[in-house]
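Per-entry structural report
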Amino acid sequence: MRYHHWFHNQQERIPTKMSPATINTFGTQTTLAVGAQQYEIFRLDALERDRVGPVSRLPFSLKVLLENLLRHEDGRFVHPEDIEALAKWQPNAAAQKEIAFMPARVLLQDFTGVPAVVDLATMREAMRRMGGDPKKINPLLPAELVIDHSVQVDKFGSSNALAFNAELEFQRNIERYAFLRWGQKAFQNFKVVPPDTGICHQVNLEYLGRVVYTTTRDARTFAYPDSLVGTDSHTTMINSLGVFGWGVGGIEAEAAMLGQPLSMLIPEVVGFKLHGRLPEGATATDLVLTVTEILRKKGVVGKFVEFYSTGLSSLSVPDRATIANMAPEYGDRRAGFFTVDAETLEYLRFTGRDPQLVRLVEAYTKQQGLFRTDATPDPIFSETVELDLASVEPTVAGPKRPQDRVPLRLAKSSFIKAVEGVPEKHIAVQNNGDRFELGNGSVVIAAITSCTNTSNPSLMLGAGLLAKKAVERGLTSKPWVKTSLAPGSKVVTDYLNASGLMPYLEKLRFHLVGFGCTTCIGNSGPLPEPVGAAIKENNLVAVAVLSGNRNFEGRIHPLVRANYLASPPLVVAYALAGRMDVDLVNEPLGKDSSGRPVFLRDIWPTPQEIESTVRTAVTTAMFHKEYGKVFDGDERWRSLPVPEGDLYAWDPRSTYIKLPPFFDNMPRTPAPLEDVLGARVLAMLGDSVTTDHISPAGSIPADSPAGKYLIAQGVKPTDFNSYGARRGNHEVMMRGTFANIRLRNQLAPGTEGGWTAHLPQREKMTIYDAAMRYQEEKVPLVVLAGKEYGSGSSRDWAAKGTRLLGVRAVIAESFERIHRSNLLGMGVLPLEYHPGETRDSLGLTGFERYHIEGIAALEPRRTLRIRATDDSSKEKSFTVVARADTPEEVQYYRHGGILPYVLRQML
């Protein structure tokens, strides 16, 4: 792709949290001239010159961390020994030092952004109540919120679907949106991208990402690597631009916004060597699903992954973005890092960044050893993985996990094996005049959706070209398939229209349904009633195929049991086929108007066709048009009724925005830590329990505790909206915690969903009702779990809801990094069995009383003793490791969470 440019000043002269005065022990601060502009920078090569460490051979991601330490050296959070430790990084060292990292900015999406702003508003109330100045509570880092998670696919397959869904979205969320408009006015350093604009990660890639950030202080302009944390797992997508960013929960993001550095252990870095070129027929989606499988098998949780070598030169920034986006799926939300190179500069020009910024990016990264060419020596990594791009083949992933890659040629046999033993049924259905049969394997959702793939013009135009060829051969989407097109930015529709391909997608009923996250996060909307009824009444294994990054059980739609990730062209192909148990490599998709079989290979666009279409259809002017007034919004947004004042006017009648109890009765100083004695198990769970299982997500059933609460408040089930949209109401969210329909609590065998047994009577009831009874009885609670507890999306309510239910500790074999951190951020202690020990090996049943001893003397990774006493007073004793890994995390736990800690600091 060849790029052009248009002018837009992307840099902002707004206050950014930096150390009041950098100590600069190593004398690295100097001046960089770029044209007539002078910039203050902290030179990395000075450390090597002065023999502090071999900085030039560090992985590029660690160089970004090192610059951050140099710039923030303050003697409190960052010390000279921290800088030395990172400069002398040893790739195979068993234990690495803890360091503090301060991002340049924070990115929010509305599902996690609304509760974050609720918490900030609540902190202002607490500050006022405790005698402080509420106006002190402001984001100290620039925070940009993109409203992208609220649109649902209520209407599809028609030309008015976009307008219908957008209007319904606004009606459902007017309270939330008015609240965000208030926040935009009340808080400094806080901006909101209105709804129906795009997905936060794609907006970040195409517009917000700076690569090199600048701030002005004391009449001097500082330049440094752009970096961020975002309240969505897939914030790593921005790593494709050489911008260091990763997903955190709303809890961590709020702390960062309030000036708290993020603590981390200096990580191991896995180098992923890419060479060669993708073969004809293989897409960036196939590549990322292959990468995900490789890295999941290797195991890179807690490590950085950095891509390197000559294969990068054959990958565009959108291709890299597809790979970087899915970093959470291959193990860690902190990095799938790509280095700045010539392609990065071209992309910045093409998407309209300020020419001076592009010059700065080139000069700064070359000066700092952060610019890659094919001649760049390989960095030294902890370990390496290698992939020949030429070996990548068409692929899907499913039916339950992103890492479960299946070559397209084996997709049919793999699905048949997955449903082995399930009775085959053929159910006659009639809908909108169409008569058809549904059975196991029927594809009922085909969605081109999600940030992963809709940021990539080659994939989106490839889908359009395939649709064109299919229509020209007389093929149609099957009538039982709910089809949808939800791009990540308006630029996508601009180039689909410019290419003339949109009418062909619409002919296959892939009409535009919205701009934002839809099917991938469970906002797939209802299936047509006859289709849904046939699936439910006959227990069919229905299938969804989507171009997303997540396909966990119960996530996409409650009636769809098998979910497959695929490239946008393959999504179209499966809509044409209508079934998962079809071999798209060897079996025809259908017959043309002459009765001849049409195979996928017959309509698959060539790389030359795709490249030619991209060149002619995608222009810089499109980015200029769509991002020129990106914060303004439409008339509906601008005319929202916005409360006035520095303190939010809480409406007691609101069922969307409520004042949470996190700071109720909070003393100025924290109480001493105490052991947890006499705790009962609220839930006993297996391996790979995700935050989707824990945190409320998707639709709200009318017969659930949350549904009953809303009905009691006068809300009709048709107006429930989703759990995600009600994250600003703790009453809804705590009732929905651990209520996922696919959760299997072993205390209530034979059930699925939010059920448990209240102990000691073992009375079956909902988890929420049991938790409330335990609170009345003043009984603390624990959760028992297996491996990878808390994997999945960075949902802060997975931790907030756990705390509000009265859970004091979670005992698991291993934790996903971000959920472990979020539990501590809410004052819940994550405890880990010793290697080789499990709940089963220790003989725990979950019906015991648990006494956790040693908390009063808590320190990082302290060993604690647990005594589990059963109803006959027989006791089992064992030890666990408290996964408060750093002194800062111990402080958070001591204060009852990050936010009470920050509030006390401000007081």
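Residues numbered from 1 in each chain as written. Predicted model: local features only at pLDDT ≥ 70, side-chain atom pairs only at ≥ 80, totals over all residues. Heavy atoms only, no water.

**Focus: the packing of aromatic side chains**
What the rule picks out here adds up to 25 aromatic pairs. Here Phe 179 and Tyr 648 contribute two aromatic rings whose centre-to-centre distance is 4.8 Å and whose plane-to-plane angle is 80°, an arrangement assigned as edge-to-face. A residue pair is termed long-range when its members are at least 10 positions apart, and Phe 179 in helix H5 (residues 161-186) and Tyr 648 in the loop between helix H22 (635-638) and strand S26 (676-684) qualify at 469 residues. For the pair Phe 179 and Tyr 648, a shared accessibility class is recorded, and that class is buried. With 6.1 Å between their ring centres and 35° between their planes, Tyr 833 and Phe 878 make a pair best called tilted. Here Tyr 833 is found in strand S31 (residues 829-833), whereas its partner Phe 878 is found in strand S34 (residues 875-882), with 45 residues between them in sequence. Each member of the pair Tyr 833 and Phe 878 is classed as buried. Here the aromatic residues Phe 101, Phe 244, Trp 246, Phe 304 and Phe 337 are joined through ring pairs into a cluster of three or more. Here Arg 71 stacks its cationic end above the ring of Tyr 224, 3.8 Å away from the centre of that ring. (Phe/Tyr/Trp six-rings, centres within 6.5 Å; stacked < 30°, edge-to-face > 60°. Helix = DSSP H or I, 4+ residues; strand = E, 2+ residues; numbered from the N terminus. Buried < 20%, exposed > 50% of the residue type's maximum accessible area, 1.4 Å probe, protein only. Lys NZ or Arg CZ within 6 Å of the ring centre and 35° of its normal.)

**A short note on the environment of Ala 121**
Residue position: Ala 121 is located in helix H4 (residues 110-129). Considering only alpha carbons, one finds Ala 121 and Val 106, 15 residues apart in sequence, at a separation of 17 Å. Aside from chain neighbours lying at most four places away, what touches Ala 121 is Trp 182, Phe 187, Tyr 648 and Trp 650. (Contact = heavy atoms within 4.5 Å.)

**Things to note about the confidence of the model for the protein chain**
As a general rule, the predicted coordinates of low-pLDDT regions are not to be interpreted in detail. Mean pLDDT over the protein chain works out to 93, with 97% of the residues at or above the 70 mark. Per-residue pLDDT stays below 50 along residues 1-20; that stretch engages in 82 contacts with residues further than four places along the chain or on separate chains. (pLDDT = per-residue confidence, 0-100.)

**Overview of the packing of helix H14 (residues 457-472) against helix H15 (residues 490-498)**
Across the interface, H14 lies against H15 with an axial gap of 11 Å and an inter-helix angle of 45°. The orientation of H14 with respect to H15, classified from their angle, is oblique. Here H14 and H15 pass one another in a crossing that is right-handed. Facing Pro 457, Met 460 and Leu 461 of H14, the residues of H15 in contact are Val 492, Tyr 495 and Leu 496. Of the residues in the contact of H14 with H15, the class split is six nonpolar, no polar and no charged. (Axes fitted to C-alpha atoms, helices over the stretch in contact; angles between N-to-C directions. Parallel < 35°, antiparallel > 145°, perpendicular 65-115°, else oblique. Left-handed = near helix turned anticlockwise from the far one by under 90°. Nonpolar A, V, L, I, M, F, W, Y, C, P; charged D, E, K, R; others polar.)

**Quick notes on the sheet that holds S26**
An order of S26-S29-S30-S31-S34-S33-S32 is seen for the seven strands of this closed barrel, with the pairing classed as mixed. The mean inter-strand angle of the sheet, taken between neighbouring strand axes irrespective of direction, is 35°. As paired elements, strand S32 (residues 849-853) and strand S33 (residues 863-869) share five bridges and run antiparallel to each other. Bridge pairing in S33 links His 851 to Arg 867. (Pairing = 2+ DSSP bridges.)

**Side note on the pattern of salt bridges**
Inspection of every chain in the model, using the stated rule, returns 59 salt bridges. Note that Arg 49 is salt-bridged to Asp 50, the shortest N-O span being 3.3 Å. Arg 49 gets classed as exposed once you look at its relative accessible area, which sits at 56%. Among the residues examined, Asp 50 registers a relative accessible area of 42% and is labelled partly exposed. We note a salt bridge from Asp 796 to Lys 800, for which the minimum N-O separation is 3.2 Å. As far as the burial class goes, Asp 796 and Lys 800 line up, both buried. The structure contains a network of salt bridges with shared partners spanning Arg 820, Glu 832, Arg 861, Arg 883, Asp 885 and Glu 889. (Salt bridge = Lys/Arg side-chain N within 4 Å of Asp/Glu carboxyl O.)

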